[in-house]
Amino acid sequence: YLHKDYGRCDRESKCAYHLNPYLDGYAAMIQEEQQRASGVTTVNSAKQKYIYSRQRHLNSFKSHPGTKTVYFDFETFKATLKPEGYEQNVFIQNLLYQIKFPFEVDKITKVIELYRLGTITEGYRVGAVTFPFIDIEENIRTVQIKEFDKDNHTKGTDFLHSLLEKSYIRNKIPVPKWLKAYAENDKKVSCLFGEHLLKKYPFHPVALVEAPKTAVYGSLYFGFPEESSQNLIWLAVYYKSSFSFDKLKVLQEREVYVFPDVSKDGSTFSEWETKARKIERESPGTSFIFSDLLEKLATEGDKNKGYDLADYLIQKDWRLFKKQTLRIKTESHPESECESQSEKIITITKNQNDETQTIKTDEA
């Protein structure tokens, strides 16, 4: 394995890893060590390359459209949902105590239940949050692990199957059969984050973002689908290149509002919009409505950092999002002293349980 400073993260537009092992001499050093250990030299390395290439070619036939997908073990997934784990969960604790406008416990409880967020409670990545990708039939496709700092910015990313496999090997414990079979899957992130909600709420409009964290923030700020049939179901594709027909065909006949992350040259917005038009042709009845709000709000600094909707929402008080302001034009009446039309501004403020509402009116 490469050192953790190397590699590529899942945020394509602004990857945090800048070191290249092929440029700083690290790869050459490792290759030399491996050659000494295995006896592979520059003389026979060409033959080794051929064998490796041929093996990859043969492996490509192992998985095809008819191959059965192996799902993530449900009992192992359930272990991430231990109630006591949320006290260790940095992401959840930040939302309750650390951010500028902390959320109420019942809202956090709802969002945990909605997306089935969990916690890594021991070992490597302890305190990290788990984002399960659950398909429309309630199968666990994969479980992403995210480590966050006190500002809920990403510190590290992993997947539970990878973490488990490394742990078994390191501790010299046989890898379970389900995990071996699961590792053979061509793709691990093979559905949308939050996809399981589509079956439960078949007529709700959908909001689509890139990262699971942004989907969680969207639900916390704009309301949960159980509260109103007009509330959005917030889903995430995983990362930039995941905006594809393969994943989005499940949204057929849905109204989908799309919020791409900002990028330095607007490439994410353009790429997603182009793909969306193609998907609309291939998936009749599906409608993608793109929001350019972030493109308009973003400064050059925001674009360079690859900001997403969550970066803007977290700066705002979530309580303000419970207010709806409607402008209604009212016709003048004969008895009115004003002959022209008047405009009435109605602000509706709902409480947390939607049991009561206060209506204030002002004549303009």
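The shown structure was predicted, so the numbers you read here are calculated from the model rather than taken from an experiment.

Asks: Any details on the environment of Phe-269? Residues and values, ideally.
Replies: Along the chain, the position of Phe-269 falls in helix H11 (residues 267–282). When the C-alpha positions of Phe-269 and Phe-259 are compared, they lie 8.4 Å apart, and in sequence the two are 10 residues distant. Once residues within four sequence positions are removed from consideration, Phe-269 is found in contact with Pro-260, Phe-290, Ser-291, Asp-292 and Glu-295.

Asks: Hey, could you go over the environment of Pro-176 for me, with residue numbers and the actual values?
Replies: One can find Pro-176 in the loop between helix H6 (160–170) and helix H7 (177–183). Here the alpha-carbon distance between Pro-176 and Glu-165, two residues 11 residues apart in the chain, equals 8.9 Å.

Asks: Now, about the pairing of strand S3 (residues 140–148): what can you tell me, with residues and values included?
Replies: By the criterion of burial, S3 is predominantly enclosed, with nine of the nine residues buried. In terms of strand pairing, strand S2 (residues 129–134) meets S3 through six bridges, oriented antiparallel. From the neighbouring strand, Thr-130 faces S3, where its bridge partner is Ile-145. Count of turn residues in the S2/S3 antiparallel hairpin: five residues, of which Glu-138 carries a positive phi of about 75 degrees. Here S3 runs beside strand S4 (residues 154–159); their pairing, made up of five bridges, is antiparallel. Each bridged residue has a counterpart across the sheet, and for Glu-147 the counterpart in S4 is Gly-156. Taken together, S3 and the strand that follows it, S4, pair antiparallel across an intervening segment of five residues, in which Asn-152 is found at a positive phi of about 60 degrees.

Asks: Residues and numbers for unusual backbone geometry, please.
Replies: At Lys-172, a residue that is not glycine, the phi angle is positive and equals roughly 55 degrees. Mapped onto the fold, Lys-172 is located in the loop between H6 and H7. The backbone phi angle of Glu-253 is positive, close to 70 degrees, even though this residue is not glycine.

Asks: If you had to explain the confidence of the model for the chain to someone new, which residues and values would you point to?
Replies: Fine structural detail should not be taken from predicted coordinates in areas where pLDDT scores are low. Averaged over the chain, the pLDDT score is 80; the fraction of residues at 70 or greater is 70%. Contacts of residues 324–364 to residues separated by more than four positions or lying in other chains number 65 contacts, the stretch itself having pLDDT below 50.

Asks: Tell me about the sheet that holds strand S7 (residues 255–258), and please be specific about residues and values.
Replies: Within the open sheet, the four strands sit side by side as S6-S5-S7-S8. Their pairing is parallel. Lying at the two open borders of the sheet, with one neighbouring strand each, are strand S6 (233–236) and strand S8 (287–290). On average, each strand axis in the sheet is inclined to that of its neighbour by 30 degrees, with strand direction left out of account. Here four bridges tie S7 to S8, and the two strands are oriented parallel to one another. Looking across to S8, one finds that Val-256 is bridged to Phe-288.

Asks: Describe the environment of Glu-253, with residues and values.
Replies: Tracing the chain through its elements places Glu-253 in the loop between helix H10 (245–248) and S7. For Glu-253, a relative accessible area of 64% gives the class exposed. Spatially, the C-alpha atoms of Glu-253 and Ser-283 are 7.7 Å apart, while their sequence positions differ by 30 residues. Glu-253 has contacts with Pro-284, Gly-285 and Thr-286, leaving out every residue within four places of it along the chain.

Asks: Outline H6, supporting the account with residue identities and numerical values.
Replies: Along H6, the residues classified as buried are Leu-160, His-161, Ser-162, Leu-163 and Leu-164. Buried-residue contacts for H6 involve helix H3 (74–78), S3, S4 and H7. Two residues or fewer past H6, Lys-172 is found with a positive phi of approximately 55 degrees.

Asks: I'd like to hear about the side chain of Lys-303, residue by residue, with values.
Replies: Relative to the assigned elements, Lys-303 resides in helix H13 (residues 300–305). The charged side chain of Lys-303 is buried without a salt bridge, its nearest counter-charge being Glu-300 at 4.1 Å. If we ignore the near neighbours within four places in the chain, the residues touching Lys-303 are Val-262, Ser-263, Lys-264, Glu-295 and Ala-298.

Asks: Residue-level account of the packing of aromatic side chains, with values.
Replies: Summed over the entire model, instances satisfying the criterion amount to 24 aromatic pairs. Ring centres of Phe-74 and Phe-77 lie 5.8 Å apart, and the angle between their planes is 50 degrees; on these two criteria the pair is classed as tilted. On the criterion of helical spacing, the pair formed by Phe-74 and Phe-77 is a turn pair, its members being three residues apart in helix H3. Judged by its relative accessible area of 2%, Phe-77 is buried. For the ring pair Tyr-307 and Tyr-312, a centre distance of 5.7 Å and an interplane angle of 75 degrees mean the geometry is edge-to-face. Side by side, Tyr-307 and Tyr-312 carry an identical accessibility label, which is buried.

Asks: Let's hear about the pattern of salt bridges: which residues, and what values?
Replies: Once their charged atoms are close, side chains differing in charge can pair, the charge on each being opposite to the other. A full pass over the atoms with the stated rule returns 17 salt bridges. Across the salt bridge formed by Arg-277 and Glu-280, the nearest N and O atoms sit 3.2 Å from each other. Residue Arg-277 and its partner Glu-280 are located together in helix H11, separated by three residues, close to a single helical turn. Overall, the relative accessible area of 28% leaves Arg-277 in the partly exposed class. Given a relative accessible area of 23%, Glu-280 falls into the partly exposed group. The partner of Lys-296 in a salt bridge is Asp-292, and the shortest N-O contact between them spans 3.7 Å.

Calculation rules
Residues numbered from 1 in each chain as written. Predicted model: local features only at pLDDT ≥ 70, side-chain atom pairs only at ≥ 80, totals over all residues. Heavy atoms only, no water. Helix = DSSP H or I, 4+ residues; strand = E, 2+ residues; numbered from the N terminus. Contact = heavy atoms within 4.5 Å. Buried < 20%, exposed > 50% of the residue type's maximum accessible area, 1.4 Å probe, protein only. Pairing = 2+ DSSP bridges. pLDDT = per-residue confidence, 0-100. Axes fitted to C-alpha atoms, helices over the stretch in contact; angles between N-to-C directions. Lys, Arg positive; Asp, Glu negative; His and termini not counted. Salt bridge = Lys/Arg side-chain N within 4 Å of Asp/Glu carboxyl O. Phe/Tyr/Trp six-rings, centres within 6.5 Å; stacked < 30°, edge-to-face > 60°.

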